[in-house]
Amino acid sequence: MALNKHTIPSWLTDVREDATKSNEWAELSKHIYDAVDQHLSQSHIDYFSELTEDEKILILERAARSLASSDGGRVYENLQSKLSYILDQTVNNQVARKMLEESLADTKTDLVLDTTAEGIVTLLRKNPDQKYKLKVFLNQSIPQPIRFLTWQLYLSNPSERKSFVQKLEKSPKLCLSHQDSEIQRKCDNILKTESTFKEMNGSIGISNSIKGILSYYHSTISEKRSLYDWEYLYALPIVNAHHPEFLKNESPSERSMAMLIEIFIQFMRTLPNAILSSNNPFNESSEMDLYIRKVIGLLDLHDMSLLSYIKNLASKNSSSDLVLLKVCCTPLIKSLFSSYLNLHALMFVWDQYIIGSDVAGYHEELIPIVIAIVLMLLRDQIMSINNVDMFNECIKNQTSFIQTRQIQTILNKYFFKNLQAKLNSSSRVGSIIGPTRELELSLACKFLKKYLFRIV
């Protein structure tokens, strides 16, 4: 289904109209008006219209917070329940109409996902500062139409896009590295040889996008060096996230290239110091040691027998668990699992990484958790080996067999609550856009997550 980024779908308008006609909405409106009047009175202000836009937002946010500690909290929950019910009914009715009116090859599941995604994308395009609602997708793969917009919103950098467009208009050569041919050769080789990305091979749009991103990026860096292997591997998930999919026999549009370059360059700026410092051969990478120590701590809490086996294996080779895990796991960390996990699992992990890009310290928690999960899922294979080389080979060759659902299960069992607390530790960002619009977006995200869990 094509997503219209300008017009709110009619079914979503129906949801809003039904919600605003409900008793629950009327009751919440009364509580909000009363709370606003109280705050105006306390501030000795006669009329709400006298306030500036920023002052209005401040008063409304104070009123909203005061509702949470009063009977208004119950009233708000009642409206959430009502709106959730209306949303569920409306989406299913919309899907039923489509199935009757059109001759479609899509299943009901496909139509539900497309319909809900259409609503979420439309609302987010109109209100991009509401991107924090997407944190509800913690431990859930984000559907492709929403994924690309999510990555755009969290990795937004308009100045980088503008700089690329200006260079392109002035002279396309300004957007190419002096190593352009070598970058093209290496991109083609990765697509042909890396099993993770085999389904991306054979597409001119994908190949040219990856090369275009990396050639432009290389032309902008100040150091006189070739691109690191890891930098090549970062570009592939970003191109794979593009929606709609690239046509196999057509090059990407200038608009697509501008968006992808913006995302890539901003993504590079989110990389933790442990990854950046590990690229320096003269740096002992104490930050990487901290990551590995966190992994060891997590294994000590949740899989002591596996950690004991790793310690014994390291000891037999005159080493330590820290050294052994650092040698074997540093490539996973530096590549952010690109070329190790299969493509579906990789995109899931990157979804988790990106929705926390605005939270200080979140990546430093997430990455060791994913490493620990990988080791826990490979415990049977690891505990059957007897030397360091075999341990390294196990990580390289077996990680790609791990399925997304397996990662989700371990994450949910041991790490979800702490990771959720970290993800939500930053203050709410975004202006008030109206209670129904904000509720629609929040509940649409939750509805889609619940539906996805039902069908996995």
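Overview of the structure. Since this is a predicted model, take the numbers as computed values, not measurements. (Residues numbered from 1 in each chain as written. Predicted model: local features only at pLDDT ≥ 70, side-chain atom pairs only at ≥ 80, totals over all residues. Heavy atoms only, no water.)

**Topic: the packing of aromatic side chains**
Logical step 1: This model, assessed by the stated rule, comprises eight aromatic pairs.
Logical step 2: Measuring from ring centre to ring centre gives 5.3 Å for Y234 and F267, while their planes differ by 70°; the resulting arrangement is edge-to-face. With a gap of 33 residues between them, Y234 in helix α10 (residues 229-240) and F267 in helix α11 (residues 254-268) connect regions that are remote in the sequence. Each member of the pair, Y234 as well as F267, carries the same accessibility label: buried.
Logical step 3: When the ring centre of Y154 is taken as origin, the NZ or CZ atom of K131, which lies over that ring, is 4.9 Å away. (Phe/Tyr/Trp six-rings, centres within 6.5 Å; stacked < 30°, edge-to-face > 60°. Helix = DSSP H or I, 4+ residues; strand = E, 2+ residues; numbered from the N terminus. Buried < 20%, exposed > 50% of the residue type's maximum accessible area, 1.4 Å probe, protein only. Lys NZ or Arg CZ within 6 Å of the ring centre and 35° of its normal.)

**A look at the pattern of salt bridges**
Logical step 1: Throughout the structure, instances matching the rule amount to 17 salt bridges.
Logical step 2: The salt bridge partner of R74 is E27, with a shortest N-O separation of 3.4 Å. In this pair, R74 sits in helix α4 (residues 72-101) while E27 sits in helix α2 (residues 23-42), placing the two residues 47 residues apart along the sequence.
Logical step 3: Accessibility expressed as a relative area gives 37% for R74, which makes it partly exposed.
Logical step 4: We note a salt bridge from K396 to E393, for which the minimum N-O separation is 3.7 Å. One end of the pair, K396, and the other, E393, are both in helix α19 (residues 388-398), three residues apart, so they sit about a helical turn from each other.
Logical step 5: Looking at K396, the relative accessible area reads 43%, which means it is partly exposed. (Salt bridge = Lys/Arg side-chain N within 4 Å of Asp/Glu carboxyl O.)

That's the geometry; what it means functionally is another story.
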